[in-house]
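Chains, contacts and geometry: an overview
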Amino acid sequence: MSHEQFRQLSPEAPELAPIISGLFDEYSARYGNFFARHAEVELTEWYLPPQGMFIVLERDGEIIAMGAYKPYDAVTAELKRIWTRGDLRRQGLAQKVLVELERRALEAGYRQVFLTTGFRQPEAVRLYLSYGYQPQFDITRDPVEYSLPPHDGRLRFRKPLGDNVLTEAVDEAS
């Protein structure tokens with residue numbers, strides 16, 4: 001039987017290189033250089049405790065999924081880099097990462113989470129909607145519309161954190 005566990009890492013940890021590369025390769029395949037004009041500046045310290053965190057999900061010592069959060073504002077954590085290795089999709093790994101990030105953000109004192117996904121990621125939209133994330137856009141519109149001005153291609157979601165997050169984490173572990 002395989003063993004899964006979460007581990008906290010620095011986003012600069014060398015063992016992350018292959019999975020980070022896989023993430024950005026997928027972004028490139030889906031979007032080309034679409035987001036280059038709205039490139040985000042990221043600082044490693046944003047993802048370090050106590051204000052942020054970068055975690056990986058390992059199976060038998062191998063990194064299979066990841067996710068992170070950083071401060072968005074004083075009470076909101078922004079979830080980032082939620083990704084599962086391509087050959088291991090549809091096993092519920094992204095959900096596990098999402099629930100774990102929510103749990104840890106709540107423990108760190110955040111009261112809500114914010115995240116964005118791209119207009120060409122319907123599977124991510126379905127995941128976030130199924131976990132109670134509130135879309136900050138009209139879900140009845142074609143997501144491609146959000147890639148056209150005045151929009152930037154990012155689909156935004158928010159979710160309050162609370163006791164339900166800890167309950168979901170316990171249920172997921174059962």
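An account of the accompanying structure is given in this report. What you are looking at is a predicted structure, and each value in this text was computed from that prediction instead of being measured. (Residues numbered from 1 in each chain as written. Predicted model: local features only at pLDDT ≥ 70, side-chain atom pairs only at ≥ 80, totals over all residues. Heavy atoms only, no water.)

**Considering the pattern of salt bridges**
A pair can form between side chains of opposite charge whenever their charged atoms are brought close. Heads up, the rule is: Note on definitions: salt bridges are taken to be side-chain nitrogens of Lys or Arg within 4 Å of carboxyl oxygens of Asp or Glu. Strands here are runs of E lasting at least two residues and helices are runs of H or I lasting at least four, both read from the DSSP assignment and numbered beginning at the N terminus. Each residue is placed in one exposure class: buried if its accessible area under a 1.4 Å probe, protein chains only, is under 20% of its type's maximum, exposed if it is over 50%, and partly exposed if it falls in between.
This model, assessed by the stated rule, comprises 13 salt bridges. Its salt-bridge partner being Lys159, residue Glu102 comes within 3.2 Å of it at the nearest N-O pair. Of this pair, Glu102 sits in helix α2 (residues 93–107) while Lys159 sits in strand β7 (residues 154–160); the two residues are 57 residues apart in sequence, bridging distant segments of the chain. The burial state of Glu102 is the same as that of Lys159; both residues are buried. The salt bridge involving Glu145 is made with Arg141; its shortest N-O contact spans 2.7 Å. A single network of salt bridges, built from pairs that share partners, joins Glu100, Arg103, Arg104 and Glu107.

**Things to note about the packing of aromatic side chains**
Note the cut-off: Stacked, tilted and edge-to-face are the three classes applied to pairs of Phe, Tyr and Trp rings, where Trp contributes its six-membered ring and a pair requires centres within 6.5 Å; stacked means planes under 30 degrees apart, edge-to-face means over 60, and tilted covers the rest.
Counted according to the given criterion, the structure contains seven aromatic pairs. An aromatic cluster is defined as three or more aromatic residues linked by ring pairs; in this entry it consists of Tyr128, Tyr133, Phe137, Tyr146 and Phe157.

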